[in-house]
Amino acid sequence: LNTARMEANVVVLGTDSVGKSALTVRFLTRRFIGEYGDIESIFSHSITVDGREQTLNIWDSPFSQVITHETGCWHVSQQDLSPESTTYEKRLQWADGFVLVYSICDRASFNTIGKLLQSIKATKDYAGLQNVPIVIVGNKRDLHHRRTVLSEEGRLLALSADCQFYEVSAAENYHSVLMVFHGLVNRVRESRSAG
Ligand code: GDP
Ligand code: MG
C-alpha cells in the first residue's frame, strides 16, 4: 500500500542564527558554506529511506519576525508580507512535520522551542492531528566549550512533548544532520499509516 513515492512537507523553525539554513543546506548538498543570508526558500529533495523514495519539500524561513512578541499572537509581521508569504499559521497547516532548531550556546533559542511546540500543537490539534511529527534539534554541538543548554534539558523537553531529539553540528557532522531528516520522514510515514 505505502510503497509508492511519498511527499512530505517539512518546516524548519527556530530563532535567528541557530543554524536553520545551515542544517537545510547541509542536508541538501552535504556541504557547510558558513553564511546563508535571510532568503526564505522551499527546497524539494528526493531521498531513499528504507528502500522507499520520498520527496521532501523543506521550508527554511527566517523566523525572527514571527516570535518577536509575547502577546500570544503568532502572525508574521507586516514587513515580512511578500506576495508569496503566508501567515505563520498557514505555514503550520502546510507542514506534515517540523524540525525545531535551537543552539546549545543560546539559552533564549532553547526557551523559544517551548513556545513553538505550543503553537504547533494548538494548530494541529485544531486540525484533528494529535500526534504531529516533530524533531527537536540542538545545533552547534561543535561549540561545546560555549554550551549553555545541557543535552539532558533538550532530551527531557522532547520526551515531555513526545518528539524525537538530536544534538548535531551542521558545521562538522553531515551524518547527524541526515539522521534528523530521516528520523522525521519515518515519523511522518508512521503517522500516516496510523491515521
Ligand atoms: P539561521 O538564521 O537559523 O538560518 O542560521 P544560519 O544557518 O544562517 O547560521 C547562523 C550562523 O551560525 C552562521 O554564521 C553559521 O555559519 C553558524 N552555524 C550554523 N550551524 C553551525 C554549527 O553547527 N556550528 C557552528 N560553529 N556554527 C554554525
Ligand atoms: Mg536562515
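Conventions and cut-offs
Counting from 1, residues in each chain are numbered in the order their sequence is written. Chains and ligands are labelled sequentially in the order written, the chains with letters from A and the ligands with numbers from 1. Totals for whole chains, interfaces and linings use every residue, but because this is a predicted model, local features are given only for residues with pLDDT of at least 70 and side-chain atom pairs only at 80 or more, for both listing and counting. To qualify as a helix, a DSSP run of H or I must reach at least 4 residues; to qualify as a strand, a run of E must reach at least 2; elements of each kind are numbered from the N terminus. Counting other C-beta atoms within 10 Å of a residue's own tells you its class, since 20 or more makes it buried, 12 or fewer makes it exposed, and anything in between is partly exposed; those C-beta atoms are placed from the backbone. Note on contacts: residues are paired as contacts if their backbone-placed C-beta atoms lie within 7 Å. Joined through C-beta atoms within 7 Å, a set of buried Ala, Val, Leu, Ile, Met, Phe, Trp, Tyr and Cys residues constitutes a nonpolar core. Helix axes are fitted to C-alpha atoms over the stretch in contact, other axes to C-alpha atoms as well, and angles between N-to-C directions run from 0 to 180 degrees. Each angle gets one of four labels, with under 35 degrees taken as roughly parallel, over 145 as roughly antiparallel, 65 to 115 as roughly perpendicular, and the rest as oblique. In this classification, Asp, Glu, Lys and Arg are treated as charged, Ala, Val, Leu, Ile, Met, Phe, Trp, Tyr, Cys and Pro as nonpolar, and every other residue, Gly included, as polar. The rule for pairing is simple: two strands pair if DSSP sees at least two bridges between them.

A. Region of interest: the overall build of the protein chain. Scanning the protein chain from terminus to terminus reveals five helices and six strands. Element order for the protein chain, N to C, with α for helix and β for strand: β-α-β-β-α-β-α-β-α-β-α. Counting across all 195 residues of the protein chain, residues that qualify as buried make up 38%. Look at the contacts in the protein chain between residues 6 or more apart in sequence, and 68% of them connect residues 24 or more apart.

B. Structural context of the nonpolar core. Of all hydrophobic cores here, the largest spans 44 residues; its most connected members are Val10, Val99, Leu100, Val135, Ile136, Val137 and Val180. Considering each element in turn, this core owes the most residues, six residues, to helix α5 (residues 174-194). When residues no more than four places from it in sequence are discounted, the contact partners of Val180 are Val99, Val135, Val137, Tyr166 and Val168.

C. Structural view of the packing of helix α1 (residues 20-29) against α5. Contact pair α1 / α5: the axes reach a minimum separation of 9 Å and the direction vectors enclose 95 degrees. Considering their axes alone, α1 and α5 lie roughly perpendicular with respect to each other. Between α1, through Leu23, Arg26 and Phe27, and α5, the contact on the second element is made entirely by Tyr174, Val177, Leu178 and Phe181. Of the residues contributing to the contact of α1 with α5, the split by class is six nonpolar, no polar and one charged.

D. A look at the sheet that holds strand β4 (residues 97-103). Taking strand neighbours across the sheet as the criterion, the six strands line up as β2-β3-β1-β4-β5-β6 in an open arrangement whose pairing is mixed. Edge positions in the sheet fall to β2 (41-49) and β6 (164-167), since each has one partner strand and no second. Across the sheet, the axes of successive neighbouring strands diverge by a mean angle of 25 degrees, strand direction being ignored. Pairing of strand β1 (residues 6-13) with β4, which is carried by four bridges, proceeds in the parallel orientation. Its bridge partner being in β4, Val12 is matched across the sheet by Val99. Along the sheet, α1 contacts β1, β2, β3 (52-60), β4 and β5 (134-139); its crossing angle with β3, the most-contacted strand, is approximately 155 degrees. Packing against the sheet, helix α4 (residues 151-160) makes contact with β5 and β6, and its axis sits at approximately 165 degrees to β6.

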